[in-house]
Amino acid sequence: MKLAMKYVILYVNDFEKTLHFYQHILGLPVKMQQGTYVEFDTGATTLSINTRGSVREEIGLDVPEALSASQTFEIGFVVADVAATIETLRVQGVTVVKEPVMKPWGQTVAYVADPDGHYIEICTAIE
């Protein structure tokens with residue numbers, strides 16, 4: 001069996017706020033939208049959002065209605081200049097979770113949060 005990751009879907013509460021965040025603050029182009037399901041072009045892997053209510057009603061998955069304070073995953077975006085990207089996001093009101101740091105393996109890493117609190121790693125490429 002050979003698996004190929006095609007997309008990641010984030011379940012969100014505030015559709016309009018989250019759509020604005022990913023489309024206008026992060027600048028991700030919308031590939032497709034059907035109701036509250038949106039796909040963003042991020043390169044090889046598509047990032048999607050859908051409302052928690054839609055996932056429960058239309059797909060039938062047991063998705064909790066409320067946000068959880070516990071994060072169990074992150075999504076990551078590679079940029080050329082982490083510090084500059086974080087400052088650009090901070091000016092736009094994005095919550096910075098962790099300031100940029102250089103890791104022992106030479107990668108610069110920082111974290112922000114989207115409107116639902118999903119962790120987003122902003123990092124340099126691993127050389």
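How each quantity is defined
- Residues numbered from 1 in each chain as written.
- Predicted model: local features only at pLDDT ≥ 70, side-chain atom pairs only at ≥ 80, totals over all residues.
- Heavy atoms only, no water.
- Helix = DSSP H or I, 4+ residues; strand = E, 2+ residues; numbered from the N terminus.
- Rg over C-alpha atoms; globule rule 2.2 N^0.38 Å.
- Buried < 20%, exposed > 50% of the residue type's maximum accessible area, 1.4 Å probe, protein only.
- Areas by Shrake-Rupley, 256 points an atom, 1.4 Å probe, with all protein chains shown as cover.
- Lys, Arg positive; Asp, Glu negative; His and termini not counted.
- Charge placed at Lys NZ, Arg CZ, Asp CG, Glu CD.
- pLDDT = per-residue confidence, 0-100.
- Pairing = 2+ DSSP bridges.
- Axes fitted to C-alpha atoms, helices over the stretch in contact; angles between N-to-C directions.
- Core = buried A, V, L, I, M, F, W, Y, C linked by side-chain atoms within 4.5 Å.
- Contact = heavy atoms within 4.5 Å.

Student: Is there a simple way to think about the overall build of the protein in this case?
Tutor: Helix and strand counts for the protein stand at three helices and eight strands. Counted from the first residue to the last, the protein has its helices and strands arranged as β-α-β-β-β-α-β-α-β-β-β. Whereas a compact globule of 127 residues would reach a radius of gyration of roughly 14 Å, the protein reaches 15 Å, a difference of no more than 12%. The principal-axis extents of the C-alpha atoms in the protein amount to approximately 45 × 40 × 30 Å. Here the protein holds 127 residues, and the buried ones make up 35% of them. Accessible surface computed for the protein: about 7,900 Å², of which carbon and sulfur atoms make up 55%. Computing the positive centroid from 9 side-chain charges and the negative centroid from 16, the protein places the two 4 Å apart.

Student: I keep staring at the confidence of the model for the protein and nothing clicks. Help me out?
Tutor: Low pLDDT means the predicted coordinates in that region are not meant to be read closely. In the predicted model, the protein carries a mean pLDDT of 91, and 95% of its residues have values of at least 70. Of all the helices and strands in the protein, helix α2 (residues 52–59) carries the lowest mean pLDDT, 80, while helix α3 (residues 82–91) carries the highest, 98.

Student: Explain the sheet that holds strand β3 (residues 37–40) to me, please; I cannot follow it from the model alone.
Tutor: Paired through their backbone hydrogen bonds, the strands of a sheet run either parallel or antiparallel. Across the sheet, four strands lie side by side as β1-β4-β3-β2; this open sheet has mixed pairing. This sheet does not close on itself; its edge strands, each paired only once, are β1 (7–12) and β2 (30–34). The sheet shows a mean angle of 15° between the axes of neighbouring strands, direction not considered. Strand direction decides the pairing type here: β3 and strand β4 (residues 46–51), joined by three bridges, are antiparallel.

Student: I keep staring at the sheet that holds strand β7 (residues 108–113) and nothing clicks. Help me out?
Tutor: Taken together, four strands build an open sheet; the order of strands is β5-β8-β7-β6 and the sheet is mixed. Because the sheet does not close on itself, it has two edges, and the strands there are β5 (74–78) and β6 (95–102). Neighbouring strand axes in the sheet, compared pairwise and without regard to direction, differ in orientation by 20° on average.

Student: Please explain the pairing of β2 as it appears in this structure.
Tutor: For a regular strand, side chains alternate in direction, first toward one face of the sheet and then toward the other. Here β2 runs beside β3; their pairing, made up of four bridges, is antiparallel. Within β3, the residue paired with Gln-34 across the bridge is Tyr-37. Connecting β2 to the next strand, β3, in antiparallel fashion are two residues, including Gly-35 with a positive phi near 65°.

Student: Sorry if this is basic, but what is going on with the nonpolar core here?
Tutor: For soluble globular proteins, nonpolar side chains are generally found buried alongside one another. Ranked by size, the top nonpolar core spans 22 residues in total, and within it Tyr-22, Ile-49, Ile-120 and Ile-122 carry the most contacts. Elements represented by at least two residues in this core include exactly β1, α1 (15–25), β3, β4, β5, α3, β7 and β8 (119–123). The dominant element in this core, judged by the number of residues it contributes, is α1, at five residues. Sequence-distant contacts of Ile-122, defined by excluding residues within four places in its chain, comprise Phe-77, Val-79, Val-82, Thr-85, Ile-86, Leu-89, Thr-108, Val-109, Ala-110 and Val-112.

Student: Whenever I open this one, the environment of Thr-42 confuses me. Can you help?
Tutor: You can see Thr-42 is positioned in the loop between β3 and β4. Once the C-alpha coordinates of Thr-42 and Pro-29 are considered, the two residues, 13 residues apart in sequence, prove to be 7.8 Å apart. Setting aside residues up to four positions removed in sequence, Thr-42 forms contacts with Leu-28, Leu-47 and Phe-77.

Student: What am I meant to see in the environment of Thr-88 here?
Tutor: With respect to the helices, strands and loops of the structure, Thr-88 is situated in helix α3. A C-alpha to C-alpha distance of 22 Å links Thr-88 and Ile-126, two positions 38 residues apart in sequence.

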